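Each chain, letter by letter, is given below.
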Amino acid sequence: MSRREGSLDPQADSSISPLPHLEAKIRQTHSLARLLTKYAEQLLQEYVQHQGDPFGLPGFSPPRLPVAGLSAPAPGHAGLPAPERLRLDAAALSALPPLLDVVRRHQAELNPRAPRLLRRLEDAARQARALGAAVEAVLAALGAETRGPPVEPAAAAAAAAAAATDAGVFPAKVLGLRVCGLYREWVSRTEGDLGQLVPGGPA
Amino acid sequence: LLLLCVLGAPRAGSGAHTAVISPQDPTLLIGSSLQATCSVHGDPPGATAEGLYWTLNGRRLAPELSRVLNASTLALALANLNGSRQQSGDNLVCHARDGSILAGSCLYVGLPPEKPFNISCWSKNMKDLTCRWTPGAHGETFLHTNYSLKYKLRWYGQDNTCEEYHTVGPHSCHIPKDLALFTPYEIWVEATNRLGSARSDVLTLDILDVVTTDPPPDVHVSRVGGLEDQLSVRWVSPPALKDFLFQAKYQIRYRVEDSVDWKVVDDVSNQTSCRLAGLKPGTVYFVQVRCNPFGIYGSKKAGIWSEWSHPTAASTPRSERPGPGGGACEPRGGEPSSGPVRRELKQFLGWLKKHAYCSNLSFRLYDQWRAWMQKTHKTRNQDEGILPSGRRGTTRGPAR
């Protein structure tokens, strides 16, 4: 990577993968992230619709409680070097699938006659895995180190599920809203980070 | 390992207040009352109930419904509750003075299920069983209600539960295999929700009495020589039942191309061809056939009609003479059909045979005469010259 963040320098280290292949991979992953951002928005809308008001009302603001193993993109994220941003994107995308599975299980009990919502939640888990893997492939192609997956994400998600279930239905609804919101934030963040690497994209 | 900070659990050192609502996620009958409390905890201690308020499904509840029980507890009294707005539960939320959410509880207000009824079942080619039912008298319980179709052999065996739901509508189930013949089944539906359960009456049936099959395949419709008011319909007996002993009834329906009104011929028994008569000349007709496999293995019950075959189209030959409307099916053997003209003709021919000893008269002769008449009219028109509109100047021959 050149010192000028957000661009690819063809004069850089020859250990970097052939440029056209890397550019193609970045473009494809960016396109995937853009598509999934749209799906994530649809998922969120579908989710709030089935929880009932005040979920989905303008100004609805439940406490933004931390979710096990995952937080929102930090305010300073955009200022980090590109490989570090992509590493954080990949880590978040890796942590999301078990949380989305927990939300799907809750919703299967709360909204069993909402097949489209349940399908979207199932698809989101798969899509997060796919995008995370694609981002890691870009990192590998850039010659940057990829961090391993978060420690026991499935166990963290299981703990979250148990806690939410014990606390009641309303907290479970809030948890689902939080997870769907985080999914949208991270997919959108990934799209933005990859967009800066696309040749001809914003620096 | 971070744990989820669940709503209601205080965050150390944050200065934030949280609360607990009681009861959590209650289930209530429509029209009943609810007494709830919101108890505030806080850091620093001394959280107060002053200024707290309630919302239900996002709407602020009137202050007169609340009262402060003590320094940290706000009570709520709701009467004559309506059914839940969504199946995931109504959202009852306790808010701080600044509007922030302190706690939530989901209310489930509804009715217990009523007895499902009107169970009907059918078996496709004796291979499976599909059943449909109607949920309770009113259907709407405002709560998620689970329906379970159960079945067992009448005199022995254990209860089984159907697993493939919503196959032909929201209240249906499909049993794909392992069904016994010649022995009755008992079938019923159980409905369950948070407020109770109900069970339908038991339906007893033998698979052989509720058999349906596929529509007849290979339906062909063709002209009958030059006869302008007739079409011949041929089909094949449903192959799935070819190895089984049964009597087949067929129904034919047909309509003019640009009409929505079907005419039905329903006395077509155990044959695979039929002639439609009394049709309009020069007209495209759509034809469909369906089958009822009654009497399988000696069953005495009427079977169940199959779906109609895909429409097949054909046109009658064109003629200037308008043909009669309506029609009936004539078997290829020339036996009488159900049309009024032909019925009367049948009676006349029968009388002739009895009283005038005209044994050679038959419908075949009549059809041949009609075909001859049409040819004769066409030839005469060609000799006399047809009017530009295609209308005849005069008509000759017997009226139809």
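Residues numbered from 1 in each chain as written. Chains lettered and ligands numbered in written order. Predicted model: local features only at pLDDT ≥ 70, side-chain atom pairs only at ≥ 80, totals over all residues. Heavy atoms only, no water.

Looking up chain A in an unreviewed UniProt entry gives the name Cardiotrophin-1, with the organism given as Callorhinus ursinus. Of chain A, the UniProt comment under Function (unreviewed entry) reads exactly: "Induces cardiac myocyte hypertrophy in vitro. Binds to and activates the ILST/gp130 receptor." The Sequence similarities (unreviewed entry) field of the UniProt record for chain A holds the comment "Belongs to the IL-6 superfamily." (UniProt positions renumbered as here; feature names shortened; annotations may be inferred.)

> Would you mind going over the overall build of chain B with me for this structure?
A tally of regular secondary structure across chain B gives two helices and 27 strands. A buried classification covers 44% of the 400 residues belonging to chain B. Here the analysis covers contacts within chain B between residues at least 6 apart in sequence; of these, 64% occur between residues at least 24 apart. Summing over all exposed atoms, chain B offers an accessible surface of approximately 21,400 Å²; the carbon and sulfur share of this is 52%. (Helix = DSSP H or I, 4+ residues; strand = E, 2+ residues; numbered from the N terminus. Buried < 20%, exposed > 50% of the residue type's maximum accessible area, 1.4 Å probe, protein only. Contact = heavy atoms within 4.5 Å. Areas by Shrake-Rupley, 256 points an atom, 1.4 Å probe, with all protein chains shown as cover.)

> Mind showing me how you'd approach the nonpolar core here?
Proteins that are soluble and globular tend to have nonpolar side chains buried together. Grouped together as the largest cluster of nonpolar side chains are 57 residues, with contacts concentrated most on A:Leu70, A:Leu86, A:Leu96, A:Leu100 and A:Tyr183. Secondary-structure elements contributing two or more residues to this core are helix H1 (19-51), helix H2 (82-110), helix H3 (115-141) and helix H5 (169-195) of chain A together with strand S9 (101-110) of chain B. Ignoring anything within four residues of it in the chain, the contact list for A:Leu100 reads A:Leu121, A:Ala124, A:Ala125, A:Val179 and A:Tyr183. Grouped together as the second largest cluster of nonpolar side chains are 26 residues, B:Val211, B:Val256, B:Cys274 and B:Val287 included. (Core = buried A, V, L, I, M, F, W, Y, C linked by side-chain atoms within 4.5 Å.)

> Explain the confidence of the model for chain A to me, please; I cannot follow it from the model alone.
Atomic detail in the predicted coordinates should be set aside for any region of low pLDDT. When pLDDT is averaged along chain A, the result is 85, and 79% of the positions lie at 70 or above. Contacts of residues 1-17 of chain A to residues separated by more than four positions or lying in other chains number 29 contacts, the stretch itself having pLDDT below 50. (pLDDT = per-residue confidence, 0-100.)

> Would you take a moment to explain the state of the cysteines for this structure?
Two cysteines, two sulfur atoms, one covalent bond between them: this is a disulfide. Residue and element names in this part refer to chain B. Under the counting rule described, the total for this entry stands at three disulfides over all chains. Paired by a disulfide, Cys38 and Cys94 hold their sulfur atoms 2.0 Å apart. Because the torsion about its S-S bond is -85°, the bridge between Cys38 and Cys94 counts as left-handed. Here Cys38, found in strand S3 (residues 34-42), pairs with Cys94, found in strand S8 (residues 90-95); they are 56 residues apart in sequence, far enough to count as distant. Between the sulfur of Cys121 and that of Cys131 lies a disulfide, 2.1 Å long from S to S. Residues Cys121 and Cys131 are joined by a disulfide whose S-S torsion is about 105°; by sign, that bridge is right-handed. With Cys121 in strand S10 (residues 117-124) and Cys131 in strand S11 (residues 129-134), this pair connects stretches of sequence that are ten residues apart. The same class applies to Cys121 as to Cys131, namely buried. Cysteine Cys106 is unpaired, with the sulfur of Cys94 as its nearest cysteine sulfur at 14 Å. (Disulfide = S-S within 2.5 Å.)

> For this particular structure, what's the right way to read the sheet that holds strand S14 (residues 164-165) of chain B?
The pairing of strands in a sheet happens through backbone hydrogen bonds and is either parallel or antiparallel. All names here are of chain B. With respect to topology, five strands assemble into an open sheet ordered S14-S15-S11-S10-S19, the strand pairing being mixed. Strands at the two margins of the open sheet, each flanked by one partner only, are S14 and strand S19 (211-212). Bridge count for S14 against strand S15 (residues 172-175) is two bridges, and the pairing is antiparallel. By the bridge assignment for S15, Glu164 is matched with His174. (Pairing = 2+ DSSP bridges.)

> Got a minute to help me understand H1(A) in this structure?
Structural remark: α-helix, 3.6 residues per turn; residues separated by three or four positions point the same way. Here H1(A) is 33 residues long and its end C-alpha atoms lie 47 Å apart, about the 48 Å a rise of 1.5 Å per residue gives. Downstream of H1(A) by one or two residues, A:Gly52 has phi in the positive range, about 85°. (Expected span 1.5 Å × (residues − 1).)

> Can you walk me through the pattern of salt bridges in this structure?
Note that side chains of opposite charge can pair when their charged atoms are close. Under the counting rule described, the total for this entry stands at 15 salt bridges over all chains. The residue A:Asp123 makes a salt bridge to A:Arg126 at a minimum N-O spacing of 2.6 Å. Highlighted residues: A:Asp123 and A:Arg126, both in helix H3, separated by three residues, approximately one helical turn. Its relative accessible area of 24% is what places A:Asp123 among the partly exposed residues. Here B:Glu190 makes a salt bridge to B:Lys150, at a shortest N to O gap of 3.1 Å. A residue pair is termed long-range when its members are at least 10 positions apart, and B:Glu190 in strand S16 (residues 185-193) and B:Lys150 in strand S12 (residues 146-153) qualify at 40 residues. Several salt bridges share partner residues, and in doing so they unite A:Glu46, A:Arg116 and A:Arg120 into one network. (Salt bridge = Lys/Arg side-chain N within 4 Å of Asp/Glu carboxyl O.)

> Whenever I open this one, the sheet that holds strand S26 (residues 312-315) of chain B confuses me. Can you help?
Residues and elements named next belong to chain B. Reading across from one edge, S23-S22-S25-S26 is the order of the four strands in this open sheet, with antiparallel pairing throughout. The sheet is open, and its two borders are formed by strand S23 (263-269) and S26, each paired with just one other strand. Adjacent strand axes in the sheet meet at a mean angle of 30° when their direction is disregarded. (Axes fitted to C-alpha atoms, helices over the stretch in contact; angles between N-to-C directions.)

> Could you clarify how one ought to interpret the pairing of S11(B) in this entry?
A regular strand carries its side chains on alternate faces of the sheet. All names here are of chain B. Relative to S11, S10 runs antiparallel, the two sharing four bridges. Its bridge partner being in S11, Cys121 is matched across the sheet by Cys131. What sits between the antiparallel neighbours S10 and S11 is a turn of four residues, in which Asn125 has the positive phi angle 55°. Relative to S15, S11 runs antiparallel, the two being bridged by four bridges. Counterpart to Thr130 in the pairing with S15 is His174.

> Explain the packing of aromatic side chains to me, please; I cannot follow it from the model alone.
Given two aromatic rings, one states the distance between the centres and the angle between the planes to describe the pair. Per the stated rule, a full pass over the model turns up six aromatic pairs over all chains. Here B:Trp133 and B:Tyr147 contribute two aromatic rings whose centre-to-centre distance is 6.3 Å and whose plane-to-plane angle is 40°, an arrangement assigned as tilted. Linking B:Trp133 in strand S11 with B:Tyr147 in strand S12, this pair joins segments that are 14 residues apart in sequence. Take B:Trp133 and B:Tyr147: they sit in the same class, and that class is buried. One aromatic cluster is present, formed by A:Phe55, A:Phe60 and A:Phe170 through successive ring pairs. One cation-aromatic arrangement involves B:Arg60 over B:Tyr53; the distance from NZ or CZ to the ring centre is 3.6 Å. For B:Arg255, the ring lying beneath its charged end belongs to B:Trp262, and the centroid distance is 5.0 Å. (Phe/Tyr/Trp six-rings, centres within 6.5 Å; stacked < 30°, edge-to-face > 60°. Lys NZ or Arg CZ within 6 Å of the ring centre and 35° of its normal.)

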